Amino acid sequence: MSLRRAFPVLRSALSRRAPLSTAPATREQHAAGLEAVRGRGAAEDARPPVPAVDFGNTQEAYRSRRSWELVRSLLVLRLCASPALLARHEQLLRLARRLLGQRLFDRLMKMTFYGQFVAGEDQESIRPLIQHNRAFGVGSILDYGVEEDLTPEEAEREEMESCTSASERDGHGTSKREKQFQAHRAFGDRRDGVVSTRTYFYASEAKCDSHMETFLRCIEASGGASEDGFSAIKLTALGRPQFLLQFSDVLTKWRRFFHQMAAEQGKAGLAAVDTKLEVAALQESVVKMGIASRMEIENWFTVETLGVSGTLDLLDWGSLIDSRTELSRHLVVPNMQTGQLEPLLSRFTEEEERQMTRMLQRMDVLAKKASEVGVRLMVDAEQTYFQPAISRLTLEMQRRFNVERPLIFNTYQCYLKDTYDNVTLDVELARREGWCFGAKLVRGAYMAQERARALEIGYEDPINPTYEATNAMYHRCLNYVLEELKHNARAAVMVASHNEDTVRFTLCRMEELGLHPADCQVYFGQLLGMCDQISFPLGQAGYPVYKYVPYGPVMEVLPYLSRRALENSGVMKGAQREWQLLWQELKRRLRTGSLFHRPA
């Protein structure tokens, strides 16, 4: 079966949209957005002023924490700062379990690392913490933190089996896939070098169903915990990753082909959202390359599909890959190594087609449940060789479910060189089609792995060259989205960052743009057990802020706890400031006789 048939399956499983037009949003869409902005402006006079947020006021920052919790945080952060301890932490945990026995070991973990970073063992036991944080203005994003404890060899075997198609195993399909989008044994264990996110490996369709049920329980619990809840999902948990690899390969080749045509027309170097191809020149190029005859291409570029401008931009180009166009039957791209035209769309077996369909159906089930209970659904970003497909599938969900408000949020990793192009293109697409843009901005979780993979396999490093360049990219993307929020009251963004400077930048731009916290367009997110000096002052000042709240049995969340310890060691500048503030508050309580402070 051809991957071309993935597109009608995707349409039927997720959504059916109107033809893409280069025209701006309709008069009705403009009116809805402007009316919301006008309503927001009229209400501004009645709003209370926004309190100043002081991240250095330890009394306010830790007002929700008892003194023994401060001591635990100090201990855990200090342990995380020891390279020698972290290098042997897995062996030390095994030794402690052997010496103490399971019951005492569980108690020790709950008094230290588990108690710091994990809310409890099940949804019932975590309710007190959720309610406590909510009382101090901080919401919760539930995350079932249980992971399979696979050996590196087991992870590698599962990855290679699930990322290789039947045709590739037979030796017929590998050469048509770019190196970046092929499975490589040296990087089969996707956990290697990743400390800030959970990794799923495909075992079976039944296991994917189990993951979906877990996500459903988190969505339902989030809906019951608050009226403004979030939940997060990973698409690699919902199906065979081979489909994501092949789909990403297709999307990347098609986008590169657009830029090759733009270079031929003398338009290289323009911003992606501003690059436009002359349709007449494009048709001539298509004929010269032998992709199709002049007669065949007459119906490809019509007023109905492209408007009357005579030009075609990257968003229009993306719509042409849709199987409803005649062009999809002829999709070939030039191989830059051989100079030959090659089919863009791969072939699936019947079983692979069924697996792909079930993946899309699981996504649909989760989005419908989130819509029913009023929970926003954030689709997490993953490795660059999966991400083009993840973003495209998320976009299809947004088209269907982000009609009245931003229910589905896509995640943008700002350590990638092409993030600004992706953000601007998606904002423009939402404007044209009239759905609500929703984004989560993160710096990224796979830097070391991505760089090593690109170097070893031989493709361009997708990561920004320096930490400063990543910060600049984050602030550039954030500023662009905040500007959009100023003019579009139906868009929203989650600023997922532990960086105090980034949060300060956001607050400053919100004030300059007139974005009030009560508008609930700008959200903030941090991990449980980290950066309370950011989360709680924001919440107490009225800003929508959330903690990622993992839960699960002690032994089954140990891989998660290992990553938290390693992540704290990798961000020592921020962790050192947090440790200083904790110690400052503990000394203040000792000095003022409030050591037995009880949060109220």
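See the structure shown above.
What counts, and where the lines are drawn
Residues numbered from 1 in each chain as written. Predicted model: local features only at pLDDT ≥ 70, side-chain atom pairs only at ≥ 80, totals over all residues. Heavy atoms only, no water. Pairing = 2+ DSSP bridges. Helix = DSSP H or I, 4+ residues; strand = E, 2+ residues; numbered from the N terminus. Axes fitted to C-alpha atoms, helices over the stretch in contact; angles between N-to-C directions. Contact = heavy atoms within 4.5 Å. Parallel < 35°, antiparallel > 145°, perpendicular 65-115°, else oblique. Left-handed = near helix turned anticlockwise from the far one by under 90°. Buried < 20%, exposed > 50% of the residue type's maximum accessible area, 1.4 Å probe, protein only. Arc of directions from axis to C-beta.

S.K.: Give a description of the sheet that holds strand S7 (residues 376-379) that names residues and reports values.
M.R.: One closed barrel holds the eight strands; their spatial order is S1-S2-S7-S8-S9-S10-S11-S12, and the pairing between them is parallel. Between one strand axis and the next, the sheet turns through 30° on average, direction left out of account. Note: strand S2 (residues 230-233) against S7, four bridges, orientation parallel. Bridge pairing in S7 places Ser-231 opposite Leu-377. Strand contacts of helix H22 (residues 532-540): strand S1 (138-144), strand S11 (522-527) and strand S12 (545-551), with the helix running at about 130° to S12, the strand carrying the most contacts.

S.K.: Any chance you could break down the packing of helix H21 (residues 500-513) against H22 for me, citing the residues and the numbers?
M.R.: Between two packed helices, what matters for the description is the angle formed by their axes and the separation of those axes. One can describe the packing of H21 onto H22 by two numbers: an axis separation of 10 Å at closest approach and a directional angle of 20°. Of the possible angle classes, the one that applies to H21 and H22 is roughly parallel. Crossing angle aside, the handedness with which H21 passes H22 is left-handed. On H22, the residues that touch Glu-500, Val-503 and Leu-507 of H21 are Gln-533, Ile-534 and Leu-538.

S.K.: Tell me about helix H13 (residues 279-288), residues and numbers included.
M.R.: Listing the buried residues of H13 in full gives Val-279, Leu-282, Ser-285 and Val-286. Down the axis of H13, the buried side of the element spans an arc of 115°, and every buried residue falls inside it. Exposed and oriented more than 90 degrees from the buried face of H13 are Ala-280 and Lys-288. Positive phi shows up at Gly-290, right after H13, with a value of about 80°.

S.K.: A description of H22 should follow, citing residues and the corresponding values.
M.R.: Counting buried positions along H22 yields eight of nine residues, so the element is predominantly enclosed. Along H22, the positions that sit buried rather than exposed are Asp-532, Gln-533, Ile-534, Ser-535, Phe-536, Pro-537, Leu-538 and Gly-539. Downstream of H22 by a residue or two, Gly-542 has a phi angle that is positive, lying close to 100°.

Limitation: the analysis is restricted to geometry and does not speak to function.
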